[in-house]
Amino acid sequence: MRRSIRVGAFVALMVAASASTQRAEEAPEARAVAEDVTVTILSSNLASDETVGEWGLSALVEVDGRCVLFDAGRNPDTVSRNAGALGVDLSCVTDVVLSHFHFDHTSGLVPLVRELREANPDAIRRVHVADGFFLSRRSNGDRELNQMIAVRDELEGAGVDFVVHHEPAEIMPGVWVTGPVPRPHPEKNYPEVIEVDLDGEWVVDHVPESQGLTIRTPEGHIVLLGCGHSGVVNALDHIRSSIADAPIHALMGGLHLFAATDEVLGWTGDRLREIGVQHLMAGHCTGIEPLIRLRISLDLSRRTAVVGAVGSRFVYGEGIHPTAIAM
C-alpha cells in the first residue's frame, strides 16, 4: 500500500481539506483575499544578467508572508542558481504546485527538496497536483514517459506529501489551485505525439491534469499557468466560474501559443479581450510573437504586457517589474 501521507499529517490534511471544502461552499465574497503578493519568475526561456534561461518554468509566489513554488524548472540547478543570482530566498517554500507532469516543469523538484531541507527542515512538505498527474504515458513504444511515477516514491520517502486535487481547492488563505480544467472551448494546446492510459485505453495525451494557480486579491485574480495545456480561455473561464467571478488582474506563466496559427492567435486574443486581462507577463512556451500579438489584441502597453523573463516580477499594487531585456 502506498504511503502518501503519514498518520499525523493525514489527520491535519483531512481537517484542512474539510475547511477548504467549507470555504469552497461559501459565497465568493466571503472567501479570503490576499493583500501582499509578489510573483518572481525563476525559470523561463529568456534570461539576462547573471541568470540562466531554459525551456522550462518556475515561479516563486509570495502571499501575505507565505511561500509557494509554482513548477520547478527543467534542469537540476536552474531554479536554485537563478534564485541566488536574484537574491531570492527559497527556504520559506512549504508548498509546491505542479501544473502538469512534463519534465520541463518538474525535473528541478528533487534537487530543490534536498537543498532547501538543509536550510529549513520544514521546506517543501506538500506538492499539489491535479487528478491524472500520475497516469502512465508512452510514445512509439512501451517505455514509461511519466518520470513522476518513480519520483513520487523518492519524494514520499523524504517526507513529501502529494495532494491530488479533483476540483478547485484553497491551499492557503486566498491561494487556490484549479484542479483539472473543463474544456468547453476547442483549445488544443498540447502535443499529439504522446499517449496516456485512460481506464486501460491508450489515447492522445491531452494532459488531463493541466492545472493553474490563482491568488484572489481585491482587484481580481492573479493567475499562473504552466503551459496552459487545457487552453488559457478554458482555464480563465473555470477560475471565474468555480472560484470567484472576478476580473483577471494578472495572467502569467506559459500559454503554449508559440506554434499557434494566426487564426488561433486571433481567436485567443478576442476571447482574452472579452474576459478583460489587465496585466500579461507570459513566457516559456507562449512565444515572443504571440505575446506581442496578445498585447495588441488586449490593448495593453509595454508597461502592462511583457515577456515573462527570468527575474521578472509582478507585485500587487505596483504592477509588472520587467527585466531590461523583456520590456
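Described below are features of the structure shown in this document. (Residues numbered from 1 in each chain as written. Predicted model: local features only at pLDDT ≥ 70, side-chain atom pairs only at ≥ 80, totals over all residues. Heavy atoms only, no water.)

**Here's the deal with the packing of aromatic side chains**
Each aromatic ring pair is described using two quantities: the centre-to-centre distance and the angle formed by the ring planes. With the rule as written, the count across this model stands at three aromatic pairs. Ring geometry for W55 versus F258: centroids 5.4 Å apart, planes at 85 degrees, classification edge-to-face. On the criterion of sequence distance, the pair formed by W55 in the loop between strand 1 (37–43) and strand 2 (58–63) and F258 in the loop between strand 14 (248–254) and helix 7 (262–275) is long-range, its members being 203 residues apart. Judged by relative accessible area, which is 44%, F258 ranks as partly exposed. Summarising the aromatic geometry, the rings of F134 and F162 are spaced 5.3 Å apart at their centres and angled 80 degrees between planes, so their arrangement reads as edge-to-face. Of this pair, F134 sits in the loop between strand 5 (126–130) and strand 6 (137–138) while F162 sits in strand 7 (residues 161–165), and the two are 28 residues apart along the sequence. (Phe/Tyr/Trp six-rings, centres within 6.5 Å; stacked < 30°, edge-to-face > 60°. Helix = DSSP H or I, 4+ residues; strand = E, 2+ residues; numbered from the N terminus. Buried < 20%, exposed > 50% of the residue type's maximum accessible area, 1.4 Å probe, protein only.)

**A short note on the nonpolar core**
If you look at the biggest cluster of nonpolar residues, it comprises 29 residues, and the most contacted ones within it are L90, L109, I124 and V127. Of all the elements in the fold, those that place two or more residues in this core are strand 3 (66–70), helix 2 (78–86), strand 4 (93–97), helix 4 (109–119), strand 5 and helix 5 (148–157). Sequence-distant contacts of I124, defined by excluding residues within four places in its chain, comprise V93, T94, V96, L109, L112, V113, L116, R117 and V160. A34, I41, I215 and I320 belong to the second largest nonpolar core, which has 27 residues in total. (Core = buried A, V, L, I, M, F, W, Y, C linked by side-chain atoms within 4.5 Å. Contact = heavy atoms within 4.5 Å.)

**Some remarks on the sheet that holds strand 3**
In spatial order, the strands read 7-5-4-3-2-1-17-18; together these eight strands make up an open sheet with mixed pairing. Each edge of the open sheet is held by one strand with a lone partner, namely strand 7 and strand 18 (319–321). Averaged over neighbouring strand pairs, the angle between their axes works out to 20 degrees when direction is ignored. Examined bridge by bridge, strand 1 and strand 17 (residues 313–315) share three bridges and lie antiparallel to one another. Among the inter-strand pairings, T38 is bridged to a residue of strand 17, identified as V315. (Pairing = 2+ DSSP bridges. Axes fitted to C-alpha atoms, helices over the stretch in contact; angles between N-to-C directions.)

**Points about the environment of A282**
Looking at the element boundaries, A282 is found in strand 15 (residues 280–283). The buried category is assigned to A282, whose relative accessible area is 1%. Expressed as a C-alpha distance, the spacing of A282 and T323, which sit 41 residues apart in the sequence, is 13 Å. Once you skip the residues sitting within four places of it in the chain, A282 turns out to touch L251, G253, L255, L291, V306, V307 and G308.

**Let's talk about the side chain of H284**
Within the fold, H284 resides in the loop between strand 15 and helix 8 (288–297). A relative accessible area of 5% places H284 in the buried class. At 3.2 Å, the side chain of H284 forms a polar contact with the side chain of N45. There is a polar contact of 3.2 Å between the side chain of H284 and the side chain of H105. Sequence-distant contacts of H284, that is, excluding residues within four places in its chain, are made with S44, N45, W55, G56, L57, D104, H105, G226, C227 and G254. (Polar contact = N/O pair within 3.5 Å; in protein donor to acceptor, adjacent residues only side chain to side chain.)

**Looking at the state of the cysteines**
One pass over the full model with this rule turns up one disulfide. Two residues share a disulfide in this structure: C67 and C92, whose sulfurs sit 2.1 Å from each other. Taking the torsion about the S-S bond as the criterion, the C67 to C92 disulfide, at about -95 degrees, is left-handed. Of the two residues, C67 is situated in strand 3 and C92 in the loop between helix 2 and strand 4; the sequence distance between them amounts to 25 residues. On the accessibility criterion, C67 (6% relative accessible area) is buried. (Disulfide = S-S within 2.5 Å.)

**Quick look at the packing of helix 6 (residues 232–242) against helix 7**
At a minimum axis distance of 10 Å, the contact between helix 6 and helix 7 shows a crossing angle of 20 degrees. The angle between helix 6 and helix 7 places the two elements in the roughly parallel class. Along this stretch, helix 6 crosses helix 7, giving a crossing that reads as left-handed. Between helix 6, through V232, V233, L236, D237 and R240, and helix 7, the contact on the second element is made entirely by W267, T268, R271, L272 and I275. Partitioning the contact of helix 6 with helix 7 into residue classes produces six nonpolar, one polar and three charged. (Parallel < 35°, antiparallel > 145°, perpendicular 65-115°, else oblique. Left-handed = near helix turned anticlockwise from the far one by under 90°. Nonpolar A, V, L, I, M, F, W, Y, C, P; charged D, E, K, R; others polar.)

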